[in-house]
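Spelled out, the chains give:
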Amino acid sequence: MVAVRFRCGHGAAPDDPSAVGIRRACPLCMLLDETQRTRAELLGRVAPAQRRPLMAETRVGAEYEWQCRRGHDRYRATVIDVLTGTGCAKCRANAAGAGAAAREAGMPFMKPGLRVGTSMTEQRLRALLGERIRLHHRANAVRTARMFYGRQEVWPDILVAELRVAIEYDDPGRSGRAHRGLKEGSDVEKDAVLREVGWEVIRIRAGGLEPLGPYSVVCRTVNAQVVDEVVRLLGVIRGEAAVARLRIGGAVAS
Ligand SMILES: [Zn+2]
Ligand SMILES: [Zn+2]
């Protein structure tokens, strides 16, 4: 195996002459970023004897021994399990009571412990959309029929759960590279996984991104017109009558 050194500094030792440099953060640093956690937070949860290897860990599937924050027994779990939910089996059993009904594919559900990075623009989009239609605030994930990045679920930006439509906001980000190249392939795959279980996806494509998929809103910035177009597309996808039931303040003149 070729030794790889990531931009975050993890991976092969700096003095390894055979190491290949990669211009992105390691998978673990990327997941920390996406779930708005820090490595220090993660190190605070691992069994003390395993802190040192976890400091340099790059793999999200690596197993460690963790201490439950609610005082349950120590448990073994992968880093991704700890970062995206309740790694402790006892905590999970406690949460399962509420979540058991939402296990089937296509069901939206509230995933406890999940915090996915939300930009100011996404918050603005959610607020503007929330002025027009009722949004299901108790769901942040959708159960899928097959695995997507090692999980049988996806985490769209916004869920219009009653209509089974996910709304994703994409822009190239500060790097100018987000949602392009490999990430675009991943976006297409995420949409396919959602469609398989009866969902549709509307993508808002800002900052010069091209349309992606059948329901794209290409724009410079998120404003009232963009949100009007999203509501119009909801009607195209699920029918005006279904959208009318979610409208806030009755019929809106158009
Ligand atoms: Zn890293
Ligand atoms: Zn626990």
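Residues numbered from 1 in each chain as written. Chains lettered and ligands numbered in written order. Predicted model: local features only at pLDDT ≥ 70, side-chain atom pairs only at ≥ 80, totals over all residues.

Per an unreviewed UniProt entry, the recorded name for the protein chain is DUF559 domain-containing protein, and the organism is Agromyces aurantiacus.

This part covers the sheet that holds strand β7 (residues 151-154). Across the sheet, 3 strands lie side by side as β5-β6-β7; this open sheet has antiparallel pairing. Both edges of this open sheet fall to β5 (108-109) and β7, since each of them pairs with a single strand only. Where strand β6 (residues 141-148) meets β7, 3 bridges bridge the pair, whose relative direction is antiparallel. Within β7, the position partnered with Phe-148 by the bridge is Arg-151. (Pairing = 2+ DSSP bridges. Helix = DSSP H or I, 4+ residues; strand = E, 2+ residues; numbered from the N terminus.)

This part covers the domain arrangement of the protein chain. Assigned domains within the protein chain: domain 1 (4-99) and domain 2 (103-244). Distance between the C-alpha centres of domain 1 and domain 2: 27 Å. (Domains from an automatic or database assignment.)

Moving on, we come to the pairing of strand β3 (residues 63-66). Across the two faces of β3 the burial differs, with Tyr-64 and Trp-66 buried and Glu-63 and Glu-65 not buried at all. Pairing geometry for β3 and strand β4 (residues 75-78), over 4 bridges, is antiparallel. In the sheet register, Glu-63 faces β4, and the bridge partner there is Thr-78. (Buried ≥ 20, exposed ≤ 12 C-beta atoms within 10 Å, placed from the backbone.)

Next up on the list: the sheet that holds strand β10 (residues 200-206). With mixed pairing, 4 strands are arranged side by side in an open sheet as β8-β9-β10-β11. Each of the sheet's edge strands pairs with one partner strand only, and the pair in question is β8 (158-160) and β11 (216-219). Direction aside, neighbouring strands of the sheet carry axes that sit 15° apart on average. Here β10 runs beside β11; their pairing, made up of 4 bridges, is parallel. Residue pairing in the sheet places Arg-203 in a bridge with Ser-216 of β11. (Axes fitted to C-alpha atoms, helices over the stretch in contact; angles between N-to-C directions.)

Turning our eyes to something else, we now look at helix α8 (residues 224-238). If you check α8, its first and last C-alpha atoms are 21 Å apart, about what 15 residues at 1.5 Å a residue would give, namely 21 Å. Looking at the buried side of α8, the elements it contacts are α6 (120-130), β8, β9 (165-170), β10, β11 and α9 (240-244). Gly-239 sits one or two residues past α8 and shows a positive phi near 95°. (Expected span 1.5 Å × (residues − 1). Contact = placed C-beta atoms within 7 Å.)

Another point: the environment of Gly-249. With respect to the helices, strands and loops of the structure, Gly-249 is situated in the segment after α9. A tally of 7 C-beta atoms within 10 Å means that Gly-249 is categorised as exposed. Remark: the alpha-carbon pair of Gly-249 and Glu-131, spanning 118 residues in sequence, is separated by 9.1 Å.

Turning to its location among the elements, Glu-162 is positioned in the loop between β8 and β9. Taking C-alpha positions, Glu-162 is 8.4 Å from Leu-135, a pair spaced 27 residues apart along the chain. If sequence neighbours within four positions are ignored, Glu-162 has contacts with His-136 and Leu-246.

This part covers the environment of Pro-172. One can find Pro-172 in the loop between β9 and α7 (182-196). Leaving out residues up to four positions away in the same chain, Pro-172 has contacts with Arg-177, Ala-178, His-179, Arg-180, Gly-207, Gly-208 and Leu-209.

With that settled, the discussion passes to the nonpolar core. Core analysis: the largest hydrophobic core is formed by 27 residues, its most contacted members being Val-165, Ala-166 and Ile-167. For this core, the elements supplying multiple residues, two or more each, are α6, β6, β8, β9, α7, β10 and α8. In terms of residue count, the dominant contributor to this core is β9 (4 residues). If you look at the next biggest cluster of nonpolar residues, it comprises 13 residues, including Cys-26, Tyr-64, Ile-80 and Val-82. (Core = buried A, V, L, I, M, F, W, Y, C linked by C-beta atoms within 7 Å.)

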